[in-house]
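This is what each chain is made of:
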Amino acid sequence: MTRGGDYGWPECYYDAVQRKLVLAPEFGGDGGKKLGPCAAKSAPIAAFPAHWAPNGMVRYDKQQFPAHYRDGVFIAFHGSWNRAPYPQGGYNVVFQALAGDHASGMCEVFADGFAGAVKSPDQAAHRPSGLAVGPDGALFVSDDVRGRIYRIVYRGGSNSGSSAGQVVPCPSASAPAGAISVADAKPPEGSHPDAGAAAETASLPVPNGATKEMMVLGDRIYHGQVGGATCTGCHGAAGTGTALGPNLTDTQWLWGDGSFRTIAKTITAGVPEPKQYRAPMPPMGGAELTPDQVSAVAAYVWGLSHRAP
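Here's what I pulled together on the structure shown here. Fair warning: this is a prediction, and the values are worked out from it, not measured in the lab. (Residues numbered from 1 in each chain as written. Predicted model: local features only at pLDDT ≥ 70, side-chain atom pairs only at ≥ 80, totals over all residues. Heavy atoms only, no water.)

### Some words on the sheet that holds strand 9 (residues 128-133)
Moving on, step 1. The three strands are arranged 9-10-11 in an open sheet whose pairing can be described as antiparallel. Two strands lie at the open edges of the sheet, namely strand 9 and strand 11 (149-152), each paired on one side alone. Within this sheet the neighbouring strands show an average axis-to-axis angle of 20°, counted without direction. (Pairing = 2+ DSSP bridges. Helix = DSSP H or I, 4+ residues; strand = E, 2+ residues; numbered from the N terminus. Axes fitted to C-alpha atoms, helices over the stretch in contact; angles between N-to-C directions.)

### A closer look at helix 4 (residues 260-269)
Moving on, step 1. Three or more residues of helix 4 are buried, namely F260, T262, I263, A264 and I267.
Moving on, step 2. Where the residues of helix 4 are buried, they touch helix 2 (212-222) and helix 5 (291-305).
Moving on, step 3. At the C-terminal side of helix 4, G270 shows a positive phi close to 80°. (Buried < 20%, exposed > 50% of the residue type's maximum accessible area, 1.4 Å probe, protein only. Contact = heavy atoms within 4.5 Å.)

### Here's the deal with the nonpolar core
Moving on, step 1. Formed by 24 residues in total, the largest nonpolar core has its most connected members in I221, Y222, F260, I263, I267, V297 and A298.
Moving on, step 2. For this core, the elements supplying multiple residues, two or more each, are helix 2, helix 4 and helix 5.
Moving on, step 3. It is helix 5 that provides the largest number of residues to this core, a total of nine residues.
Moving on, step 4. Apart from residues no more than four positions distant in its own chain, Y222 is found in contact with C231, T232, H235, G236, A237, G239, L248, V297 and Y300.
Moving on, step 5. Judged by nonpolar contacts, the second largest core, of 15 residues, contains V58, F65, F95 and F114. (Core = buried A, V, L, I, M, F, W, Y, C linked by side-chain atoms within 4.5 Å.)

### Details of the packing of helix 4 against helix 5
Moving on, step 1. For the pair helix 4 and helix 5, interaxial distance at closest approach is 9 Å and the crossing angle is 125°. Classified by the angle their axes make, helix 4 and helix 5 are oblique. Crossing geometry of helix 4 relative to helix 5 is assigned as right-handed. Side by side, helix 4 and helix 5 meet where F260, I263, A264, I267 and T268 of the first sit next to V294, S295, V297, A298, A299, V301 and W302 of the second.
Moving on, step 2. Taken together, the residues that form the contact of helix 4 with helix 5 break down as ten nonpolar, two polar and no charged. (Parallel < 35°, antiparallel > 145°, perpendicular 65-115°, else oblique. Left-handed = near helix turned anticlockwise from the far one by under 90°. Nonpolar A, V, L, I, M, F, W, Y, C, P; charged D, E, K, R; others polar.)

This is how it looks when you write it as structure tokens:
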């Protein structure tokens, strides 16, 4: 990194497949072909899987860890919330070796398992957030789910050598997102794998002005299968809320009266100044939804909050 360097934000994003900066759609890009001003910007020295959400980074220059880790950087990935319908990723701490001011090889997963059984914003037990190196060379990792601080030290004997033992490489930034997430339980023989979810959505009440078909579409939008929406990231897969967004299944509403009309209005306008949560909601959750899609997801959210106990 160069002090005062121009790395293209916010007009450009790094296409890991083409290995170059391209113009973002919101600035006139066409999905990866048009370069525009990005042709003159500086590309990143390292690329990481999409949406892992790096929250903290610290350079390691102490002697406590093996020499392999000296003069590289540790990065805390808070974890994704918008990779649906694909598996979420991150929720770990990685190490990126450096050679001068350039990356040296791929990053490696240094510490994992923070999330527990499920890597998702509403079910993760812990999420790495901040990093610091202590005077004695220990690495400190903060968790913003339960306020825990981890202290990591090396106890492998003499650390004068260069070996770090077996390492786990990070997935390539250009690797496929993985298989679409589905429930572990298999459906009864002869039934559609989505039959359970479809039946649950069909059982929801429908607000005046909406239809059952809108509810089904709203379900798909909410869960990231249509329109690029990221609702589950803040409100959870079941709509029961996370540390980033409120519960949508109860009758307490922070904005409006919980009617179909006001839910649609809130989705369209976003929430720039939340009353109880630290992160604002951009208009349409940051997606580019059509008016019909907004109405569909608003109907689905209304149904969640009016479901029979």
